Every structure is written in C-alpha cells, then in structure tokens.
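What follows is each chain in one-letter form.
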Amino acid sequence: IFSAGASPGGRRFAARNADWMFIPGRMSRADATERIAQIREQCVLAGRPAHSVKFMRHVSMLVRETAHEARRVSDWITSAIDLPAARAYVKSISQNISTYGDIYKQYATDDDVVRVIGVSSGAIRIHGAPQQVAEQIKELYDTQECRGIALTFPLWHVEEITRFGRLVLPILEEMGLWVSPHKRGWSW
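Conventions we followed
- Residues numbered from 1 in each chain as written.
- Predicted model: local features only at pLDDT ≥ 70, side-chain atom pairs only at ≥ 80, totals over all residues.
- Heavy atoms only, no water.
- Helix = DSSP H or I, 4+ residues; strand = E, 2+ residues; numbered from the N terminus.
- Rg over C-alpha atoms; globule rule 2.2 N^0.38 Å.
- Buried < 20%, exposed > 50% of the residue type's maximum accessible area, 1.4 Å probe, protein only.
- Contact = heavy atoms within 4.5 Å.
- Lys, Arg positive; Asp, Glu negative; His and termini not counted.
- Salt bridge = Lys/Arg side-chain N within 4 Å of Asp/Glu carboxyl O.
- Polar contact = N/O pair within 3.5 Å; in protein donor to acceptor, adjacent residues only side chain to side chain.

A. How the structure looks around the overall build of the chain. A tally of regular secondary structure across the chain gives 9 helices and 5 strands. In the chain, the succession of α and β elements from N to C terminus is β-α-β-α-β-α-α-α-α-β-α-β-α-α. In summary, the chain has a C-alpha radius of gyration of 17 Å against a globular reference of 16 Å for 188 residues, a match within 12%. If one aligns the C-alpha atoms of the chain with their principal axes, the spans along those axes are about 50 × 45 × 25 Å. Counting the 188 residues in the chain, one finds 43% classified as buried. Relative to all contacts within the chain whose residues are 6 or more apart in sequence, the contacts with residues 24 or more apart total 70%.

B. Quick look at the side chain of Arg48. With respect to the helices and strands, Arg48 occurs in the loop between helix 2 (29–45) and strand 3 (54–63). One buried charge, Arg48, has no salt-bridge partner; the nearest side chain with opposite charge is Asp19, at 4.4 Å. Side-chain polar atoms of Arg48 contact the backbone oxygen of Ala14, separated by 3.4 Å. Look past the residues within four positions of Arg48 in its chain and what remains in contact with it is Ala14, Ala15, Arg16, Asn17, Ala18, Asp19, Cys43 and Val53.

C. Quick peek at the environment of Ser52. Along the chain, the position of Ser52 falls in the loop between helix 2 and strand 3. Expressed as a C-alpha distance, the spacing of Ser52 and Asn17, which sit 35 residues apart in the sequence, is 9.1 Å. For Ser52, the side chain forms a polar contact with the main-chain oxygen of Pro49, separated by 2.6 Å.

D. Geometry of the pattern of salt bridges. All chains considered together, the criterion is met by 11 salt bridges. Notably, a salt bridge pairs Glu160 with Arg163, separated by 3.1 Å at the nearest N-O pair. With Glu160 and Arg163 both in helix 8 (residues 158–167) and 3 residues apart, this pair spans about one turn of that helix. In this structure Arg163 comes out as buried when scored by relative accessible area, which is 11%. Here the salt bridges do not stand alone but share partners, grouping Arg64, Glu159, Glu160 and Arg163 into one network.

Listed below in structure tokens is the structure:
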C-alpha cells in the first residue's frame, strides 16, 4: 500500500497501514528527515515495527553523457518555462494540496525558483552525467532513507527513459541500489 497523505490524519493512516510513503520532492532534507522520524514514531504507536514503512521521493530526471551537456539541456528547458503558467501551477497546487501549500508559499514570488518548479513539478532535480545522477540517488538512499524514486522526466520522450536505463541503472546496480528484474525473477 502506497500513501501520500501528509496531513496529521494521512500520516497516522500511513503509519497504521502503508508499506510505502511518498515524501514530496520539494521538501527540504531536514523536513523530510523530520517527517520520516514522525512516521517511525507513529508506526510504533500503531503497534507496528518502526521501519514498517519505506519512503519514496519524487525526482525530476535528466541524464546526458556529460555534465556539460546535461547542464546545457537543463538550462535550455528552464529558460523556456512559461512563467505565468508556472506561477498559476504553484498557486493552484498551493491552494489545493496542503503539503505543497506549506512548501510553495515561500517560492511564489521568486521567478528563478518558479522556473525550477515549472521544469520539475516540484520534484528533486537530478540533472547530470550518469555517475553524478547515480551518486545523487545514492545520497537520497543514504541520508533520507529513500528506498524508491518516482521519476518524472522534463522531456517526455522514450529516448529519455531509455537513456536513464542504459546509462544510470547499471551504475545503481553496481552500487547495490537496484536489481534488474530478470535477476529477481521478474518480481518486486
């Protein structure tokens, strides 16, 4: 069971019932770590082991062969963001989802940050060369108990997903963070 509930009731529900909990990408490391600790405490209060729930973060993924090329493409996408549309997105999300309202209220007037949100829909932005990308994913694993990532690609094209699979997944496998489906019997 996956849960994305961030309200106090949503967190209690996750602590009682969920196997996985989604932690917003735009949430700071400190806030994410605090949220995880709260869920751990609530699991115990609900009569479950503290580590019953695994955590997933939302990641905007852009991979290129070199860091320079990744930066060039990321900067191009960022410069092309329609600021009025991105501001409208931030306003809408802030008004309709309490978690994002708390997170985004500080960003509403900063055009540079609104552009980044426009690129990534509020996800953690991991744009880089394959090794850089893998190391940033490992950092999420090591420092924020991130055991899964919900990927979004700022350029929705099969080539983007294929590139991630071809260039990054082998590195993650070497790091022990990912196992190819055929090596795990095509199961979760």
